[in-house]
Amino acid sequence: MLAAVVAANVGADPGAAGVEWNFGPTPVWQDEFDYDGAPDPARWGYDTGGSGWGNDELQHYTDQLANAFVGDGLLTIVARKQRAGKNRFTSARLVSRGKGDFLYGRVEIRARLPVGRGAWAALWMLPTDNRYGHWPRSGEIDIMEHVGHEPGQVHVTVHTQAYNHKIGTQRGQATTVADASGAFHRYRVDWTPDAIRGYIDDAPAFEFANEGTGADAWPFDQRFHLLMNLAVGGSWGGAQGVDEAAFPAWMEVDYVRVYPLLEP
């Protein structure tokens, strides 16, 4: 059975130790957004609030339809210039925590990114169980990040206790995608016990290998869940200010698919 699955699979991942990892051709978890209304509650929950989210962000995340809705085959996350308490903007942060949690696999998201100085879009993953402690000890996988003051610069990044921006050791790579906001592109990570590899439209964009030195460098042997959000401002998104006239700004997602890692 494995041989048949491997033959059907596109893009085997050569492991660091000569192991050839493969991924099943059928998603084990997905959302095609082929419905209308609120994001499917069986797949998505929300992180809500406006505390700055550790980055001095300006938005208040809500669970309201005005900030995240599905229609015409797309999920749209909208950041609006709209006061909510002390925050001048609202937006949404969707999470699959408790509804879609994964250990290894191929994650692919097809999306069109927002425009506007101050917009900070992210498709990413966080640990569900925080086995090694809170951030950055248990890790973070950024499938795609894009800030409005660097249009078309798409970042794939990981964060760990040993490698993170707080201590100047973050591991990541930027790729120019000239029409990232004008067209849909496929953002993907292949996550195996050997490495995390990022791809944009199947072209290699980033690689982070498991050094075998322990959890400080590689906490990625535990379950992670998905997040999709559009922040406003913050330490990176607002590094060149916020153009309030650019809002509402939105990110559109065509699908989210998670494929299983097969035994070698």
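Engineer: For this particular structure, what's the right way to read the overall build of the protein?
Structural biologist: Looking only at helices and strands, the protein features two helices and 21 strands. Computed over the C-alpha atoms, the radius of gyration of the protein is 18 Å, within 12% of the 18 Å expected from 2.2 N^0.38 for a compact globule of 264 residues. Expressed as a percentage of its 264 residues, the buried residues of the protein come to 52%. For the protein, long-range pairs separated by at least 24 residues make up 71% of all intrachain contacts whose partners lie at least 6 apart in sequence. Here the protein has roughly 11100 Å² of accessible surface; of this, 50% comes from carbon and sulfur atoms. Side chains of the protein give 22 positive and 33 negative charges; the mean places of these two sets differ by 6 Å.

Engineer: What am I meant to see in the pairing of strand 13 (residues 140–147) here?
Structural biologist: Successive residues of a regular strand alternate their side chains across the two faces of the sheet. Burial analysis of strand 13 places eight of its eight residues in the buried class, the great majority of the element. In this sheet, strand 13 lies alongside strand 12 (residues 119–127) in antiparallel orientation, the contact comprising six bridges. Counterpart to Leu 123 in the pairing with strand 13 is Met 144. Joining the antiparallel neighbours strand 13 and strand 14 (residues 153–159) is a turn of five residues, in which Gly 152 adopts a positive phi near 85°.

Engineer: Please explain the pattern of salt bridges as it appears in this structure.
Structural biologist: Any two side chains of opposite charge can pair, on the condition that their charged atoms come close. Counted by the stated rule, this structure contains 18 salt bridges. One salt bridge in this structure joins Asp 254 and Arg 110, with 2.8 Å as the shortest N-O distance. Taken together, the residues span a long stretch of sequence, with Asp 254 in strand 20 (residues 249–259) and Arg 110 in strand 11 (residues 105–112) at a distance of 144 residues. On the basis of relative accessible area, Asp 254 is assigned to the buried category, the value being 19%. Linked by salt bridges that have partners in common, Arg 106, Glu 108, Arg 186, Arg 188, Asp 190 and Asp 202 make up one network.

Engineer: Got a minute to help me understand the nonpolar core in this structure?
Structural biologist: Counting residues in each nonpolar core, the largest one holds 52 residues, and the members touching the most others are Tyr 187, Trp 191, Phe 220, Leu 226, Met 228, Val 253 and Val 256. Setting aside its immediate chain neighbours within four residues, Met 228 contacts Phe 33, Trp 44, Leu 75, Ile 77, Ala 92, Arg 93, Leu 94, Ala 122, Leu 123, Val 253 and Val 256. Of all hydrophobic cores here, the second largest spans five residues; its members include Val 95, Trp 124, Leu 126 and Leu 227.

Engineer: For this particular structure, what's the right way to read the confidence of the model for the protein?
Structural biologist: Low-confidence regions, as indicated by low pLDDT, have predicted coordinates that should not be scrutinised in detail. This prediction gives the protein a mean pLDDT of 94; 93% of its residues lie at or above 70. Confidence over residues 1–11 falls short of pLDDT 50; this stretch has 16 contacts with residues more than four positions distant or in other chains.

Engineer: Just checking my understanding: could you explain the environment of Gly 172 for this structure?
Structural biologist: The topology assignment puts Gly 172 in strand 15 (residues 171–176). Sequence spacing of Gly 172 and Trp 250 is 78 residues, and the spatial spacing of their C-alpha atoms is 24 Å. Not counting the four nearest positions on each side in its chain, Gly 172 is found in contact with Val 156, Thr 157 and Phe 206.

Engineer: So what exactly am I meant to see when it comes to unusual backbone geometry here?
Structural biologist: Across residues other than glycine, the phi torsion is negative in most instances, and most of the peptide bonds are trans. A cis geometry characterises the amide bond from Trp 135 onward to Pro 136, with omega recorded as 5°. Within the element layout of this structure, Pro 136 appears in the loop between strand 12 and strand 13. For the bond from Phe 247 to Pro 248, the omega torsion is 15°, close enough to zero to count as cis. Mapped onto the fold, Pro 248 is located in the loop between helix 2 (234–237) and strand 20. Non-glycine residue Trp 53 carries a positive phi angle of around 55°. Summarising the element assignment, Trp 53 is placed in the loop between strand 4 (45–46) and strand 5 (59–61). Despite not being glycine, Asp 201 shows a phi value in the positive range, around 50°. Considering the arrangement of structural elements, one finds Asp 201 in the loop between strand 17 (195–200) and strand 18 (203–209).

The rules behind these values
Residues numbered from 1 in each chain as written. Predicted model: local features only at pLDDT ≥ 70, side-chain atom pairs only at ≥ 80, totals over all residues. Heavy atoms only, no water. Helix = DSSP H or I, 4+ residues; strand = E, 2+ residues; numbered from the N terminus. Rg over C-alpha atoms; globule rule 2.2 N^0.38 Å. Buried < 20%, exposed > 50% of the residue type's maximum accessible area, 1.4 Å probe, protein only. Contact = heavy atoms within 4.5 Å. Areas by Shrake-Rupley, 256 points an atom, 1.4 Å probe, with all protein chains shown as cover. Lys, Arg positive; Asp, Glu negative; His and termini not counted. Charge placed at Lys NZ, Arg CZ, Asp CG, Glu CD. Pairing = 2+ DSSP bridges. Salt bridge = Lys/Arg side-chain N within 4 Å of Asp/Glu carboxyl O. Core = buried A, V, L, I, M, F, W, Y, C linked by side-chain atoms within 4.5 Å. pLDDT = per-residue confidence, 0-100.

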